[in-house]
Amino acid sequence: MFGLERKENAGLVKQEVIHMNLGKNIAELRKKNNLTQEELANMLGVSPQAVSKWENDAACPDIALLPKIAEIFGVTIDELMNEQGSIHSKKTVNSRIETKRIIQINVLSADGKSSKINIPFKLVSAGMKIGAMFGLDDNICCAINTAVESEVIDDLITVDGDNGEKVTIKII
């Protein structure tokens, strides 16, 4: 990642290239937080290939994503773009689990077409609270909360439908 800096010297304007380690910092923070490129991509609503390109300095994230990336890793945007490298996150995976985890529902139809729905856990949590008011079993709420709070990223349930479709619900 490169930025330009203007310098004036004896009336001449000179542009110097300043090396920034945005891609390197994203990769370092992602690895420190035990996230895969796919998991980070899902949290940001981009493809895993986009994250790979950022980390290899072949592209850079949209400027609108920088605050969200910084928030995920518990750093400032300045720290994220730190040209010195080796930045340190102020929080760990455990402190972001409930707010950043996603329940993903994947429906694979019999003809091979796949549809994915990503639901932020905060929305699921709110839905469970509303469901509890209308008689949703507390054991279901506790089981979902326990699964989301664990660091395990896995399928919760897979169901094969009567018409050949397969529905998988997992936490990412």
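Predicted model, so just to flag it, every value in this text is computed and none were measured. Within each chain, residues carry numbers counting from 1 in the order of the written sequence. The predicted origin of the model limits local features to residues at a pLDDT of at least 70 and limits the giving and counting of side-chain atom pairs to 80 or more, whereas totals for whole chains, interfaces and linings rest on all residues. The basis for the side-chain values is all heavy atoms of the structure; hydrogens and waters are excluded.

## Focus: the overall build of the protein
Here a strand is any run of E in DSSP of at least two residues, a helix any run of H or I of at least four, and the numbering for each starts at the N terminus. Counting its secondary structure elements, the protein contains eight helices and six strands. Helices and strands in the protein line up, N terminus first, as β-β-α-α-α-α-α-α-β-β-α-α-β-β. Looking at the 172 residues of the protein, the share that counts as buried comes to 31%. Residue contacts are counted whenever heavy atoms from the two residues lie within 4.5 Å of one another. Once local pairs closer than 6 in sequence are excluded, the contacts in the protein between residues at least 24 apart make up 48%. In short, Shrake-Rupley with a 1.4 Å probe defines the accessible areas, and a residue's cover is counted only from the protein chains shown. Approximately 10,600 Å² of the protein is accessible, and the part contributed by carbon and sulfur atoms is 54%. Three exposure classes are used, based on accessible area relative to the maximum for each residue type with a 1.4 Å probe and protein chains only: buried under 20%, partly exposed in between, and exposed over 50%.

## Observations regarding the pairing of strand 4 (residues 114–120)
Sheet topology note: the strand 3 (residues 102–108)/strand 4 ladder contains seven bridges and is antiparallel. Counterpart to Gln104 in the pairing with strand 4 is Asn118. Here, a strand pair is defined by DSSP locating no fewer than two bridges between the strands. In textbook terms, the turn of a hairpin is the stretch between consecutive antiparallel strands, and for strand 3 and strand 4 this stretch comprises five residues, one of which, Gly112, has a positive phi near 90 degrees.

## Some remarks on a nonpolar patch on the surface
A cluster of nonpolar side chains, Ile130, Met133 and Phe134, forms an exposed patch at the surface whose accessible area comes to about 410 Å². Within the element layout of this structure, Phe134 appears in the loop between helix 7 (121–133) and helix 8 (138–149). With a relative accessible area of 70%, Phe134 lands in the exposed category. To count toward a patch, a residue needs a relative accessible area over 30% and no salt bridge; like charges are then connected within 9 Å, while nonpolar side chains (Val, Leu, Ile, Met, Phe, Trp, Tyr) are connected within 5 Å. Throughout this description, the term salt bridge denotes a Lys or Arg side-chain nitrogen within 4 Å of a carboxyl oxygen of Asp or Glu.

## What about the pattern of salt bridges?
When their charged atoms lie close together, side chains carrying opposite charge are able to pair. A full pass over the atoms with the stated rule returns two salt bridges. We note a salt bridge from Lys32 to Glu28, for which the minimum N-O separation is 3.1 Å. Of this pair, Lys32 and Glu28 are both found in helix 1 (residues 22–32), four residues apart, which corresponds to roughly one turn of the helix. For Arg30, the salt bridge goes to Glu55, with nearest N and O atoms at 2.5 Å. Of the two residues, Arg30 sits in helix 1 while Glu55 sits in helix 3 (residues 48–55), which places them 25 residues apart along the sequence. There is no split in this pair, since Arg30 and Glu55 are both buried.

## Considerations on the nonpolar core
If you look at the biggest cluster of nonpolar residues, it comprises 18 residues, and the most contacted ones within it are Ile26, Leu40, Trp54, Ile69, Phe73 and Leu80. Those residues within four positions of Leu40 in sequence are excluded, and the remaining contacts are Ile26, Arg30, Val51, Ile72 and Phe73. Residues belong to a common nonpolar core when they are buried Ala, Val, Leu, Ile, Met, Phe, Trp, Tyr or Cys residues joined through side-chain atoms within 4.5 Å.

## Focus on the environment of Pro48
Along the chain, Pro48 turns up in helix 3. Assessed through its relative accessible area of 29%, Pro48 is described here as partly exposed. As for Pro48 and Glu38, which are separated by ten residues in sequence, their C-alpha atoms are 4.7 Å apart. The residues touching Pro48, leaving out its near neighbours within four places in the chain, are Gln37, Glu38 and Ala41.

## Side note on helix 1
Across the eleven residues of helix 1, eight count as buried, placing the element largely inside the fold. When we look at burial in helix 1, the residues that qualify are Leu22, Gly23, Asn25, Ile26, Ala27, Glu28, Leu29 and Arg30. Among the structural elements, helix 2 (37–44), helix 3, helix 4 (66–73) and helix 5 (77–80) are those in contact with the buried residues of helix 1. Asn34 lies just past helix 1 and shows a positive phi near 55 degrees.

On their own, these measurements won't tell you what the molecule is for.
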